[in-house]
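# Notes for the structure review
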Protein chains: 4
Amino acid sequence: MELEGVEIEDTFAEAFPIKVARVLITAVNEKWALEVAKEATGFGTSVIGCPAEAGIEKLLSQEETPDGRPGVAIMICHFKKEGVKGQLLARLGQCVMTAPTAAMFNGLEAEEKLPIKLHFFGDGFEYEKEVGGHNVWAVPIMGGEFICEEEYGVKPGVAGGNLFILAKDQMSALTAAEDAVSAIGQVEGTITSFTGGVVASGSKPGSQKYKFMHATINEKFCPTLKDKIDASELPADVNGVFEVVINGVSEEAVSEAMRAGIKAAVKVPGVVKITAGNFGGKLGKYQLRLKDVLGL
Amino acid sequence: MELEGVEIEDTFAEAFPIKVARVLITAVNEKWALEVAKEATGFGTSVIGCPAEAGIEKLLSQEETPDGRPGVAIMICHFKKEGVKGQLLARLGQCVMTAPTAAMFNGLEAEEKLPIKLHFFGDGFEYEKEVGGHNVWAVPIMGGEFICEEEYGVKPGVAGGNLFILAKDQMSALTAAEDAVSAIGQVEGTITSFTGGVVASGSKPGSQKYKFMHATINEKFCPTLKDKIDASELPADVNGVFEVVINGVSEEAVSEAMRAGIKAAVKVPGVVKITAGNFGGKLGKYQLRLKDVLGL
Amino acid sequence: MELEGVEIEDTFAEAFPIKVARVLITAVNEKWALEVAKEATGFGTSVIGCPAEAGIEKLLSQEETPDGRPGVAIMICHFKKEGVKGQLLARLGQCVMTAPTAAMFNGLEAEEKLPIKLHFFGDGFEYEKEVGGHNVWAVPIMGGEFICEEEYGVKPGVAGGNLFILAKDQMSALTAAEDAVSAIGQVEGTITSFTGGVVASGSKPGSQKYKFMHATINEKFCPTLKDKIDASELPADVNGVFEVVINGVSEEAVSEAMRAGIKAAVKVPGVVKITAGNFGGKLGKYQLRLKDVLGL
Amino acid sequence: MELEGVEIEDTFAEAFPIKVARVLITAVNEKWALEVAKEATGFGTSVIGCPAEAGIEKLLSQEETPDGRPGVAIMICHFKKEGVKGQLLARLGQCVMTAPTAAMFNGLEAEEKLPIKLHFFGDGFEYEKEVGGHNVWAVPIMGGEFICEEEYGVKPGVAGGNLFILAKDQMSALTAAEDAVSAIGQVEGTITSFTGGVVASGSKPGSQKYKFMHATINEKFCPTLKDKIDASELPADVNGVFEVVINGVSEEAVSEAMRAGIKAAVKVPGVVKITAGNFGGKLGKYQLRLKDVLGL
């Protein structure tokens, strides 16, 4: 298969169930909404070593926020509902409540709700009110008043949607990955939780040499090992590979994000091939085939 | 006391001992060095609810980095040395090693070193080399090679240096706080770990109303409560207050950062007064007096 | 009149006819599309002293551009059609054709078209093709190929739509002006051509003291002169005033931009009053009343 | 010759005399200082079609500015002294005086001074004062007071210093050019006036086919023409070429900028060769040899 002259491998991304919450953060301007969203979702690339998988979903215009201010939607993911709750409590309490002009609202309709009670910080001076249809607490703080909703929807989502971008060299692959991440940044209900949205070190489960390691490099996709191993999966002209990993509120959202990402990546000069990562279908509940995603 | 027409209160910031590590992150360009540094130091405002206090110290020019590429120095702080180690392992392994074109080096000369062994991820394909006087591992990854040093200095530092900016209204106080943070961003050996460097919700220990709360609002500095409580410490014309909290590698570094921050803040129209937060000297080991900091 | 507690004066913005062209600039990523758009619209605040009034209209998603790449729409305005043509030729030839990965397309359906012939730069190596329904030239350059359309629509537009933001102090007024500009940045067919979209030095025609000056300060709106002149129009609690000036492809577009800007500005703490600038209706063809704009 | 494995051609950049002014712009924060600097130096890539060659020299810390606020140094260049004067008057009057919180100061010690009289805008309400050793006017405006110095040094400088970056493909060459521009951004007394500092369409004088053209493509460096012409100067593995053009206050400054740019560029994977543009020494007064620049 091909898309705009770039080979699309007939394979699939293998993805997993995860629990997801979605928070709308607003502030006096986009700069601060983004600062807050970045801090609250930082140290959140992968639950293998981070306390959550978290990221910025998208910028919200003033028409899309409960209080009519500029905003950002973020998503916080964890394998367990209780994990999502703990992470919401810590991240919202420490990174949003403390931040200048920030406010926060539930951004996910869901049957299950998690109570995130921050208003006690007001020491009795706090009061309830309604903002744009949301019941919130107003907590007097040094910077003014902190506005927070205290019930957050949580629901099953999908983690680990992905695409691999293979290019003639590193910088072409990287530019294409950046463009893919940027395009995915406009798809509602999805995040790319890794640093800048891009993964440089895609892995395989386990290790050939170190028995204590749960995951090690995926040497078949490492350009500098191309001529040192037998089973490299890299074409001769490929010297740069980056992966984009996507979490979303649903299989459809992740599929749409993969489509947007691939369409953006193939525009970049030097990109040779798009593929995706899977474990032969043995580990994950979801299989997102590139040809279905792209309608090819 | 006064500085450029702004009242400086004769008080002190009360600060605490903490353990600090410092990491130099480099990348193919400043954009990626910053992305990596942001992700690695995110969810790191305060150890009260975050797993570490972490932040960006400063941008490094190509002459200041071991590999001659653009870079960023970050600091990771925790009350205990083992805490620093755990956080370095998780944050560097998950947010730096996975990131496109990133490399990392020890940035702190110190007697004590923490081993942060990431090279096993290379599954035997990794090898040792020397970069700009640092012994590093080169781990083949999809994006090329990940270069990492594996011993990081850790030493006692100072947490909780601070300044309070009181202004005629919120936006003046906020602009002044932003300028203070920006000026502190040029002081070596210091970070402002809160979101965007600014704290909107300075607190008091304990609570009058909720016995289960360890900290609640500092109502004496809340503008919206000025006329509702007896003991407000806010002048009549003050309607906006923000705090900047500073961690550093030494008392001198924190003092220098406070000085730079205050000098920047007083330039902003609408700023009325600068003060600092303390607990009467009962809790913290360090007392940084504003008049000493400023040489007034 | 009031909007969210902020006084809205019952007055109007007085605006003028102008000729407008609109160009779609695309590039390999948003960063470069923005760089190109900034350079091509720089030195373009006011035709009083600049060769054009020019600005960024809005970011374009990959679905909105002819070539499916990230893009930015810009507008170039001049009182005369020939002025628009000269400015397009110089700005597109010098700032877009020279820029890495840039392409450009007509962005305005209009009866009149201006020929902007840049393909001769290809010295015979250039060739014609079709991109997303646009007839373009492909010019081989060092960076690859420069893609350019050569016919640009020009039509009558409206210059000088405006709003004045009066606040308790400078920083509140400035933050509100920034937010207004940001909101206007989402309104199609409009630009705010001044530096960062904000005007700090609104003027009156002529001068009381210097006969050779065509325009001098509008002293009735200068906070530092409030107590030095008799006829200040500033309320006692106003110490900061900024203006936002809007050009657009139509009266409706400018009106919509004013509405978006005002709605954003009134959200900022410290804003006291919104008004607009006019010359008593003597100079301009268009009168945009705030109450009509806001539907109050 | 080689630098870090990249071929350095033994050739020279041919450069020309030009007149230079240097202006220090300050503002309430770095954001606004940069906005102002961008607007004031926009539409200023090349005097072939722009009214000036202009650009941002570097960010200034609060210690480097006359008023202790954040700042940016810009340079404005024109072949004639009167051209510099006209451009200063228009660009500073329209893009700086109108901008929120902006102030401006002479940034160049020089025997010759250009008078740039903007204070008449104050209509008699303006007054003189001294700021950080500079004699300035304070002009009351809506946004507060505009502070401007009115004498600007002008002196002979050097235009057209350059380097060509040849890489395996476009994105590698572009990333390297971006890094070069970023490194040059730290060299005092120099600017890269083209869009984002990078030139995609290096030219030759005249034309083979179109007699009315003064400059057309430099086909020997166009990757897409490599196999279509006889005399391509591109190595077989080069598919992307970008140029960085430098103006400076002296030959030494331009030489230092070229050195910094080349050192940064060779770090980027995929870069194959560095060369420079000249006209065989027939046109320009200055010849900057790469081997001298680099001390090879």
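### Some points on the interface of chain B and chain C
The partner chain C presents 9 residues to the 9 residues of chain B that form the contact. In the side of chain B that touches chain C, the residues fall into 3 nonpolar, 4 polar and 2 charged.

### Focus: the relation of the copies chain B and chain A
By a simple turn and slide, chain B fits onto chain A: the slide is 0.0 Å along the axis, the RMSD is 0.0 Å, and the turn is 180°. In the structure described here, the two chain copies are related by an operation that fits a two-fold rotation axis. Judged by C-alpha distance, G42 of chain B is the residue of chain B that lies nearest the rotation axis, at 1.8 Å. A share of 100% of interface residues in chain B that are also interface residues in chain A marks the association as one of identical surfaces.

### What about the relation of the copies chain B and chain C?
Mapping chain B onto chain C is achieved by rotating through 180° and translating by 0.0 Å along the same axis, at an RMSD of 0.0 Å. Mapped onto chain C, 100% of the interface residues of chain B again fall at the interface, so both copies present the same surface.

### Points about the packing of helix 1 (residues 30-41) of chain D against helix 2 (residues 81-96) of chain D
All names here are of chain D. The contact between helix 1 and helix 2 brings their axes to 9 Å, and the two run at 140°. By the angle between their directions, the pair helix 1 and helix 2 is classed as oblique. Between helix 1 and helix 2 the crossing geometry is right-handed. Note on element contacts: helix 2 touches helix 1 through R91, L92, C95 and V96, opposite V36, E39 and A40. Its residues placed into classes, the contact of helix 1 with helix 2 shows 5 nonpolar, no polar and 2 charged.

### Let's talk about the domain arrangement of chain A
Residue and element names in this part refer to chain A. When the domains of chain A are assigned, the result is domain 1 (2-14 + 157-294) and domain 2 (18-155). Between domain 1 and domain 2, the C-alpha centre-to-centre distance is 30 Å. Of the residues lining the interface, 15 residues belong to domain 1; the matching set on domain 2 comes to 14 residues. The set of elements that each furnish at least two residues to the side of domain 1 that touches domain 2 consists of strand 11 (151-167) and strand 12 (190-191). The leading source of residues in the side of domain 1 that touches domain 2 is strand 11, at 3 residues. Looking at the side of domain 1 that touches domain 2, its residues break down into 5 nonpolar, 9 polar and 1 charged.

### Brief notes about helix 1 (residues 30-41) of chain B
The end-to-end C-alpha separation of helix 1 of chain B is 16 Å, in line with the 16 Å expected for 12 residues at 1.5 Å each. Within helix 1 of chain B, 10 of the 12 residues are buried, which leaves the element mostly enclosed by the surrounding structure. The complete set of buried residues in helix 1 of chain B reads E30, W32, A33, E35, V36, A37, K38, E39, A40 and T41 of chain B. Packed against the buried residues of helix 1 of chain B are helix 1 (30-41) of chain A, strand 3 (12-26), strand 4 (53-60), strand 5 (71-78) and helix 2 (81-96) of chain B together with helix 3 (170-184) of chain D. Trailing helix 1 of chain B by a residue or two, F43 of chain B shows a phi angle of about 45°, which is positive.

### Re the interface of chain B and chain A
One frequent convention defines the size of an interface as the accessible area lost when the parts assemble. In this assembly, 66 residues from chain B lie in contact with 66 residues from chain A. Looking at the side of chain B that touches chain A, the elements that each hand over two or more residues are helix 1, helix 2, strand 9 (134-141), strand 10 (144-149), helix 3 (170-184), strand 14 (215-217) and strand 15 (240-248) of chain B. Top contributing element to the side of chain B that touches chain A by residue count: helix 1 of chain B, with 6 residues. A breakdown of the residues in the side of chain B that touches chain A according to their chemical character gives 32 nonpolar, 25 polar and 9 charged.

### Details of the environment of K85 of chain D
Residues and elements named next belong to chain D. The topology assignment puts K85 in helix 2. The class for K85 is partly exposed, based on 19 C-beta atoms found within 10 Å. Sequence-wise, K85 and L166 are 81 residues apart; in three dimensions their C-alpha atoms are separated by 38 Å.

### Describing the packing of helix 3 (residues 170-184) of chain A against helix 4 (residues 251-265) of chain A
All names here are of chain A. Where helix 3 meets helix 4, the closest approach of the two axes is 7 Å, and the angle between their N-to-C directions is 140°. One finds that helix 3 runs oblique with respect to helix 4. Crossing handedness for the pair helix 3 and helix 4: right-handed. Residue-level inspection shows A176, A177, D179, A180, S182, A183 and I184 of helix 3 in contact with helix 4, the latter providing A257, A260, G261, K263, A264 and A265. Its residues assigned to classes, the contact of helix 3 with helix 4 shows 9 nonpolar, 2 polar and 2 charged.

### Here we look at the environment of E126 of chain A
All names here are of chain A. For E126, the position within the fold is in the loop between strand 7 (112-115) and strand 8 (127-131). C-beta crowding within 10 Å serves as the criterion here: with 21 such atoms nearby, E126 is assigned to the buried category. When the C-alpha positions of E126 and P140 are compared, they lie 6.3 Å apart, and in sequence the two are 14 residues distant. Non-local contacts of E126, meaning those with residues more than four positions away in its chain, are made with H119, W137, A138 and V139.

### Points about unusual backbone geometry
At E4 of chain B, a position not held by glycine, the phi torsion is positive, near 50°. When you line up the elements, E4 of chain B lands in the loop between strand 1 (2-3) and strand 2 (6-8). A tally of 12 C-beta atoms within 10 Å means that E4 of chain B is categorised as exposed. The phi dihedral of F43 of chain D is positive, around 45°, even though this residue is not glycine. The topology assignment puts F43 of chain D in the loop between helix 1 and strand 4 (53-60).

About the cut-offs
Residues numbered from 1 in each chain as written. Chains lettered and ligands numbered in written order. Predicted model: local features only at pLDDT ≥ 70, side-chain atom pairs only at ≥ 80, totals over all residues. Contact = placed C-beta atoms within 7 Å. Nonpolar A, V, L, I, M, F, W, Y, C, P; charged D, E, K, R; others polar. Least-squares fit on C-alpha atoms with pLDDT ≥ 70 in both. Axes fitted to C-alpha atoms, helices over the stretch in contact; angles between N-to-C directions. Helix = DSSP H or I, 4+ residues; strand = E, 2+ residues; numbered from the N terminus. Parallel < 35°, antiparallel > 145°, perpendicular 65-115°, else oblique. Left-handed = near helix turned anticlockwise from the far one by under 90°. Domains from an automatic or database assignment. Expected span 1.5 Å × (residues − 1). Buried ≥ 20, exposed ≤ 12 C-beta atoms within 10 Å, placed from the backbone.

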